[in-house]
Protein chains: 2
Amino acid sequence: MKTMHKEHTLTKNQQIIFDLIDKSPEPMKAYSILFNVQKKGIKAPLQVYRALDKLVEIGKIHKIESRNAFIACQNSSCQVAKATAFSICEMCEKVTEISSAGLSKYLTNFKDKEGMKYSKYNLEFFGLCKKCRT
Amino acid sequence: MKTMHKEHTLTKNQQIIFDLIDKSPEPMKAYSILFNVQKKGIKAPLQVYRALDKLVEIGKIHKIESRNAFIACQNSSCQVAKATAFSICEMCEKVTEISSAGLSKYLTNFKDKEGMKYSKYNLEFFGLCKKCRT
DNA sequence: TACATAGTGTTATATTATAACAATTTAAAT
DNA sequence: ATTTAAATTGTTATAATATAACACTATGTA
Ligand SMILES: [Zn+2]
Ligand SMILES: [Zn+2]
Ligand SMILES: [Zn+2]
Ligand SMILES: [Zn+2]
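Computed from a predicted structure; not experimentally measured.

Of the transformation placing chain B onto chain A, the axial shift is 0.0 Å and the rotation is 180°, giving an RMSD of 0.0 Å. On this basis, the relationship between the two copies can be described by a two-fold rotation axis. The position closest to the rotation axis in chain B is occupied by the C-alpha of Leu123(B), lying 2.1 Å away. The share of interface residues of chain B whose copies in chain A are also at the interface is 100%, consistent with both copies meeting through the same surface.

Given below as structure tokens:
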């Protein structure tokens, strides 16, 4: 018996906004998204934020908290939408989702001083990307 | 020869705002800080944000990015103000700064797929605190 | 069909953060 | 002590990010 994975059929607004973010080479901000989808009939911030909330919830996109911006998940098969890690270039703002079994294993197994474990986390690394180091 | 640590004498506004955050049992938001220091003559958001920026820069406080809130550094001797880790209770919003030599060592030594290391990072763990687990 | 759930459209508003500019304080450097 | 540069302050205005409230519509399912 196969483990089923709930398929989330995106609604019209969700699909429009996901497509935009997914084809963007960089994280997009909510009002930039709004501007870009107005021609498709999405006119108000709330329509954007609602779609973003849902897309984040189902793991299709992630929020880069330090930038208030949204990026498509780069691990299409990622089961752990709630355990995310990114590298962020402080020069050019390039953001890359880190997919490291070792890292996620380490963090998932990490115990704090009271022995508490956390399956949900967000990690943002900062530095200079390859290009910007020159 | 002792390694000297630059002493940052706080200015009046910085001290007022640091004291407030430092005695708060929970992270404080900028406009809540503003409200609380108005009686001391700090009347405008910019005055608060400027002090916050400086306090973050020198490591006296940290920003909890997922909450847009500020907390006093709980590692007074922390040399690595730019390498932070927190646990956040999703029920009661209690935030604790994690001070783990193992964790910081692991993250500082972590290499991404291109062999890149990052000395600066921010990690936020989410879960239920001891109290909220009951 | 009837019901519940999720999504939509809309207006208004709340919250978080910065721009721009003049004045003042502070800490060197001469 | 005087000059100078850097940092900080005070102030007004505005930008950027995000949510509340409400009426309505689509969708799945019992
Ligand atoms: Zn992902
Ligand atoms: Zn770069
Ligand atoms: Zn700290
Ligand atoms: Zn709690």
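Having seen the structure, we can now continue with the description.
The local shell around DNA strand D holds 15 residues, among which Lys29(A), Leu46(A), Lys63(A), Gln47(B) and Arg50(B) are the closest. Sugar plus phosphate: this is where 40% of the atoms of DNA strand D within 4 Å of the protein reside. Within the side chain of Arg50(B), a nitrogen or oxygen atom sits 2.5 Å from a base nitrogen of DNA strand D. The set of elements that each furnish at least two residues to the surface near DNA strand D consists of helix 3 (45–57) of chain A together with helix 1 (12–23) and helix 3 (45–57) of chain B. Among the elements that take part in the surface near DNA strand D, helix 3 of chain B stands out by supplying four residues, more than any other.

Summed over the entire model, instances satisfying the criterion amount to six salt bridges over all chains. Close ionic contact of Glu90(B) with Lys120(A) constitutes a salt bridge, the shortest N to O distance being 2.5 Å. Separated into two different chains, Glu90(B) in the loop between strand 3 (83–89) and strand 4 (95–97) and Lys120(A) in strand 5 (residues 120–127) make up a pair that spans both.

This part covers the protein's contact with DNA strand C. Around DNA strand C sit 14 residues, and of these Gln47(A), Arg50(A), Lys29(B), Tyr31(B) and Lys63(B) come closest. Sugar and phosphate atoms constitute 42% of the interface atoms of DNA strand C, taking the interface as everything within 4 Å of the protein. The side chain of Lys29(B) places a nitrogen or oxygen atom 2.4 Å from a phosphate oxygen of DNA strand C. Only helix 1 (12–23) and helix 3 of chain A together with helix 3 of chain B provide two or more residues apiece to the surface near DNA strand C.

Here we take up the coordination of the zinc ion (ligand 4). All names here are of chain B. For the zinc ion (ligand 4), the protein coordination sphere consists of Cys89 (SG), Cys92 (SG), Cys129 (SG) and Cys132 (SG), at 2.2 to 2.4 Å. If you look at the zinc ion (ligand 4), its four donor atoms make angles of 106 to 113° with each other, and the shape they trace is tetrahedral. Sequence positions of the donors to the zinc ion (ligand 4) reduce to the motif C-x2-C-x36-C-x2-C. Note that Cys89 is positioned in strand 3 and Cys132 in helix 5 (residues 130–133), a separation of 43 residues in sequence.

Its place among the elements puts Asp112(B) in the loop between helix 4 (101–109) and strand 5 (120–127). One buried charged residue, Asp112(B), remains without a salt bridge, the closest side chain of opposite sign being Arg133(A) at 6.4 Å. A polar side-chain atom of Asp112(B) sits 2.9 Å from the main-chain amide nitrogen of Met116(B).

All names here are of chain B. Within the protein, the zinc ion (ligand 3) binds to His62 (NE2), Cys73 (SG) and Glu97 (OE); these donor distances fall in the range 2.0 to 2.2 Å. Donor residues binding the zinc ion (ligand 3) come from one chain and are separated in sequence as H-x10-C-x23-E. Taken as a pair, Cys73 in the loop between strand 2 (69–72) and strand 3 and Glu97 in strand 4 lie far apart in primary sequence, 24 residues in all. As far as burial versus exposure is concerned, Cys73 and Glu97 are alike and both buried.

Quite often, the size of an interface is put as the accessible area lost when its parts meet. Each side of the interface is counted separately: chain B has 27 residues, and chain A has 27 residues. Counting each side, the surface lost to burial between chain B and chain A is near 2,500 Å², with a carbon and sulfur contribution of 65%. When the area that chain B buries against chain A is broken down by residue, the three leading residues are Tyr106(B), Tyr118(B) and Phe125(B), summing to 21%. Between chain B and chain A we count two salt bridges in total. Applying the counting rule to chain B against chain A returns 11 residue pairs in polar contact (both at pLDDT 80 or more). In terms of residue class, the side of chain B that touches chain A is built from 12 nonpolar, seven polar and eight charged. Where strand 5 of chain A meets strand 5 of chain B, seven bridges bridge the pair, whose relative direction is antiparallel. Bridge pairing in strand 5 of chain B links Tyr121(A) to Phe125(B).

What counts and what doesn't
Position numbers for residues start from 1 in each chain and track the written sequence from start to end. The naming scheme follows written order: chains are lettered A onward, ligands numbered 1 onward. Local features in a predicted model are, by the rule used here, given only for residues with pLDDT of at least 70; side-chain atom pairs are given and counted only at 80 or more, and totals for whole chains, interfaces and linings are based on all residues. Based on all heavy atoms of the structure, the side-chain values leave hydrogens and waters out of the count. Copies overlap after least-squares fitting; the atoms used are the C-alpha atoms of residues with pLDDT of at least 70 in both. By the convention used here, residues are in contact when the closest approach between their heavy atoms is within 4.5 Å. The near set for a molecule or strand comprises every residue that places at least one heavy atom within 4 Å of it. N or O atoms within 3.5 Å of each other form a polar contact, as long as, within protein, one can give a hydrogen and the other can take it, and as long as residues adjacent in sequence are counted only when both atoms are side-chain atoms. Secondary structure follows DSSP: runs of H or I at least 4 residues long count as helices, runs of E at least 2 residues long count as strands, and numbering of each begins at the N terminus. By salt bridge we mean one thing: a side-chain nitrogen of Lys or Arg within 4 Å of a carboxyl oxygen of Asp or Glu. Ligating atoms shown are N, O and S within 2.8 Å of the metal, or 3.2 Å for Na, K and Ca, and water is not included, meaning a site may look less than complete. Geometry assignment treats four donors as tetrahedral when all angles are between 85 and 135 degrees, treats four as square planar and six as octahedral when opposite donors are over 155 degrees apart and all others between 65 and 115, and treats everything else as irregular. Three labels apply to residues, based on accessible area from a 1.4 Å probe with only protein chains included: buried if under 20% of the type maximum, exposed if over 50%, partly exposed otherwise in between. Charged-residue counts in this description rest on Lys and Arg as positive and Asp and Glu as negative, His and the chain ends being excluded. The term buried area means the drop in 1.4 Å probe accessible area that two parts suffer when joined, counted for both and summed. Ten residues, namely Ala, Val, Leu, Ile, Met, Phe, Trp, Tyr, Cys and Pro, are considered nonpolar, four, namely Asp, Glu, Lys and Arg, are considered charged, and the remaining ones, Gly among them, are considered polar. Pairing between strands requires that DSSP locate at least two bridges from one strand to the other.

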